[in-house]
There are 2 protein chains.
Amino acid sequence: MIIAAIEAGGTKFVWGILKAEARDRERPTILAKGSIPTTSPKATLDAVAAAIGEAAEKTGAPEALGIGSFGPVVLKRSDPDWGKISVTPKPGWSGVDIAGYFRLALDLPIAFDTDVNAAAYGEYLWGEARGIQDFIYLTVGTGIGGGVFSGGSLVHGLSHPELGHIKMAREAKDKFAGSCPYHRDCLEGMASGPAIALRWGRRAEELPPEHEAWELEASYLARAIATYSLVLSPELVLIGGGVGLRPGLAERVGALVGEELAGYVPALAAPGRLEGFVKRPALGPEAGLIGSAGLAIRLRAE
Amino acid sequence: MIIAAIEAGGTKFVWGILKAEARDRERPTILAKGSIPTTSPKATLDAVAAAIGEAAEKTGAPEALGIGSFGPVVLKRSDPDWGKISVTPKPGWSGVDIAGYFRLALDLPIAFDTDVNAAAYGEYLWGEARGIQDFIYLTVGTGIGGGVFSGGSLVHGLSHPELGHIKMAREAKDKFAGSCPYHRDCLEGMASGPAIALRWGRRAEELPPEHEAWELEASYLARAIATYSLVLSPELVLIGGGVGLRPGLAERVGALVGEELAGYVPALAAPGRLEGFVKRPALGPEAGLIGSAGLAIRLRAE
């Protein structure tokens, strides 16, 4: 089966055409892939549609398109605004009908979810969370967001989780005001890539592993994961994203989650249980694109 | 259908025998009800089983028993410890097989969940959350805990949510150390009945509505509910429990949730959307018992 996929991000749209094996236990192969910088809605969507159309002439026509989009988006099937971006500070993008645009432009059935739910779904089908019914996929980069699996289903609710914006108890020694324009010192405001850069005056990539920035980063992420764990009771937490994929960070975070929980959750307090509780995603930076393909494959199977 | 129900609490076990109508849209009628103080496991369970057995001679024999229990409990069906209390500081109760005891003592099929999930289920079937797929039932009293509905199902996960123990960002003016023996200043440590009594030197019941304690209480609850909302995206939050049912508290909390979210969740930022977002449960203090009966009715229907 040939499937098209788009990971619609705030800075770039990554598109791909993938070949899925008959048995969906095997990870789809990427036949073609490219990326388009996110500018105005029309220019961006037109360029993505054109690139997919052109690539499809070589790969064969896709049967469906899966989209994992930056948010906030409307996911309620019964909502007439399903498939649209809702109110966003990103200029020009509020109300843009992403799903509707591609349904018309490419004449394909569309599966649509958040970028992070798509990544979580990819990890569920073909990655570290294979067969795990309750887990969280957290991405830490320019922003912080998360996809949530509960009882074997992606969590939507009224809209969708916004894991990056929970208010944080501060580390006493940390005087940084926080960088979130809405909440200042929420998790994203304290631990995203831009927050790190503002606090230390250097970009995260430039900070060496022994820099104190990383211990602080790990402690905020561990604190947030302890909170998610008390709310959702997951079996596993994956950390991806530009900052999150940094070698050693997931392990460092995992080692601190137990301290935050202080033995309170017996199912996690058992000796050794927290080993491997926090991991890097297996699909790495491609989780979003491959997961979006997974959403489209599921749509075809419905 | 005659159904037995137990709300197993840390201070008392409330038992009931209920009559459910053929159409489960109608709230069951309580035919008999009583309560037993929680002492040693054997004395408590024996007394509850005896009371139900005796009452059943008048009401007719129940077909099933629903139990909503204080936690932590083991809910995973595949776990050999299903239906047991896990590790608890409550003397003598670690590992007690509550479901197993009543299956043997009363010879009935057993539905088993947390007390707060049972209460949430009661509100879903017959209360304020009727037909709502994503909501939270929070109880604020001696402790703080919560039941979670996501996508139309009760959330279990690895064990079950422990909503009362999330770490809180403090109000700057609040110097109270917190009363939780595990985390000190988690939500339960800052806003439970015992925390209120310790902070103000008077029991919550004795504090008049205009006392500053209530504004602080509302702000911590609103902050916690904002966090749950960012993680779970619920449509509704119900607040029950001895402190939570205090007149006016739910409204006061609801008015503050919007400030905590600072307009970030568009689906909740729409004008008027937060009106009625936080409510008192319709079944009041009986939500746990009636909800436990609901779990048993569902078990019979499976």
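Everything that follows concerns the structure shown earlier in this document.
Residues numbered from 1 in each chain as written. Chains lettered and ligands numbered in written order. Predicted model: local features only at pLDDT ≥ 70, side-chain atom pairs only at ≥ 80, totals over all residues. Heavy atoms only, no water.

J.: Give me the lowdown on the relation of the copies chain B and chain A, citing residues and values where you can.
T.: Aligned on chain A, chain B shows an RMSD of 0.0 Å; the corresponding rotation is 180 degrees and the shift along the axis is 0.0 Å. The transformation just described matches what one would write down for a two-fold rotation axis. No C-alpha of chain B lies nearer the rotation axis than that of Ala169 of chain B, which sits 2.0 Å from it. Most of the interface of chain B is mirrored in chain A, where 100% of its interface residues are also at the interface. (Least-squares fit on C-alpha atoms with pLDDT ≥ 70 in both. Contact = heavy atoms within 4.5 Å.)

J.: Quick rundown of the interface of chain B and chain A? Include the residues and the values.
T.: The partner chain A presents 42 residues to the 42 residues of chain B that form the contact. Across the chain B/chain A interface, buried area totals approximately 3,400 Å², and carbon plus sulfur atoms make up 67% of it. Together, Leu158, Val231 and Tyr264 of chain B form the three largest contributors to the area buried by chain B at its contact with chain A, with a combined 22%. Applying the counting criterion to the chain B and chain A interface returns two salt bridges. The partner of Glu235 of chain A in a salt bridge is Lys76 of chain B, with the nearest N and O atoms 3.0 Å apart. The interface formed by chain B and chain A contains 16 residue pairs in polar contact (both at pLDDT 80 or more). Residue assignment for the side of chain B that touches chain A shows that the elements contributing at least two residues are strand 7 (144-150), helix 6 (212-232), helix 7 (249-261) and helix 8 (266-269) of chain B. (Buried area = accessible area lost by both parts, 1.4 Å probe. Salt bridge = Lys/Arg side-chain N within 4 Å of Asp/Glu carboxyl O. Polar contact = N/O pair within 3.5 Å; in protein donor to acceptor, adjacent residues only side chain to side chain. Helix = DSSP H or I, 4+ residues; strand = E, 2+ residues; numbered from the N terminus.)

J.: Quick rundown of the packing of aromatic side chains? Include the residues and the values.
T.: Given two aromatic rings, their pairing is described by the distance between the two centres and the angle made by the two planes. Residue and element names in this part refer to chain A. For the coordinates displayed, the defined rule picks out 18 aromatic pairs over all chains. Centre to centre, the rings of Phe13 and Trp93 are 5.7 Å apart; their planes meet at 35 degrees, and the pair counts as tilted. With Phe13 in strand 2 (residues 12-19) and Trp93 in the loop between strand 4 (65-69) and helix 2 (98-106), this pair connects stretches of sequence that are 80 residues apart. Comparing Phe13 with Trp93 shows no difference in burial state: the two are buried. Their ring planes at 20 degrees and their centres at 5.0 Å tell us that Phe135 and Phe149 sit as a pair that is stacked. With a gap of 14 residues between them, Phe135 in strand 6 (residues 135-140) and Phe149 in strand 7 (residues 144-150) connect regions that are remote in the sequence. This pair shows no difference in class: Phe135 is buried, exactly as Phe149 is. (Phe/Tyr/Trp six-rings, centres within 6.5 Å; stacked < 30°, edge-to-face > 60°. Buried < 20%, exposed > 50% of the residue type's maximum accessible area, 1.4 Å probe, protein only.)

J.: Can you break down the sheet that holds strand 1 (residues 2-8) of chain A residue by residue, with the values?
T.: Residues and elements named next belong to chain A. If you walk across this open sheet you meet the five strands as 3-2-1-4-5, and the pairing is mixed. Edge positions in the open sheet fall to strand 3 (29-37) and strand 5 (110-114), since each of these has one partner strand only. Between one strand axis and the next, the sheet turns by 15 degrees as a mean value, whatever way the strands run. In terms of strand pairing, strand 4 meets strand 5 through five bridges, oriented parallel. In the strand pairing of strand 5, Ser69 is matched with Thr114. (Pairing = 2+ DSSP bridges. Axes fitted to C-alpha atoms, helices over the stretch in contact; angles between N-to-C directions.)

J.: Give a detailed account of the sheet that holds strand 3 (residues 29-37) of chain B, specifying residues and quantitative values.
T.: Residues and elements named next belong to chain B. Strand order in this open sheet of five strands is 3-2-1-4-5, and the pairing throughout is mixed. Two strands close off the open sheet at either side, each with one partner strand: strand 3 and strand 5 (110-114). Adjacent strand axes in the sheet meet at a mean angle of 15 degrees when their direction is disregarded. As judged from the seven bridges shared by strand 1 (residues 2-8) and strand 2 (residues 12-19), these two strands associate in the antiparallel manner. Across the sheet, the residue bridging to Ala4 is Ile17, located in strand 2. Packing of helix 3 (residues 115-126) onto the sheet brings it into contact with strand 1, strand 4 (65-69) and strand 5, and relative to strand 5 it is tilted by some 105 degrees.

J.: Break down the packing of helix 1 (residues 41-59) of chain B against helix 2 (residues 98-106) of chain B for me, with residues and values.
T.: All names here are of chain B. Interhelical geometry of helix 1 versus helix 2 gives an angle of 40 degrees and a closest axis separation of 11 Å. One finds that helix 1 runs oblique with respect to helix 2. Pair helix 1 / helix 2 crosses with right-handed handedness. On the side of helix 1, the interface is formed by Leu45, Asp46, Val48, Ala49 and Ile52, while helix 2 contributes Tyr101, Phe102, Ala105 and Leu106. Class assignment for the residues of the contact of helix 1 with helix 2 results in eight nonpolar, no polar and one charged. (Parallel < 35°, antiparallel > 145°, perpendicular 65-115°, else oblique. Left-handed = near helix turned anticlockwise from the far one by under 90°. Nonpolar A, V, L, I, M, F, W, Y, C, P; charged D, E, K, R; others polar.)

J.: Can you explain unusual backbone geometry? Please cite residues and give values.
T.: Note that the residue after Gly71 of chain A, namely Pro72 of chain A, is joined by a cis bond; omega there is -5 degrees. Its place among the elements puts Pro72 of chain A in the loop between strand 4 and helix 2. In this structure, Ala262 of chain A takes a positive phi of about 55 degrees despite not being glycine. Along the polypeptide, Ala262 of chain A turns up in the loop between helix 7 (249-261) and helix 8 (266-269). Residue Asp107 of chain B is not a glycine yet carries a positive backbone phi of 55 degrees. With respect to the element layout, Asp107 of chain B can be found in the loop between helix 2 and strand 5.

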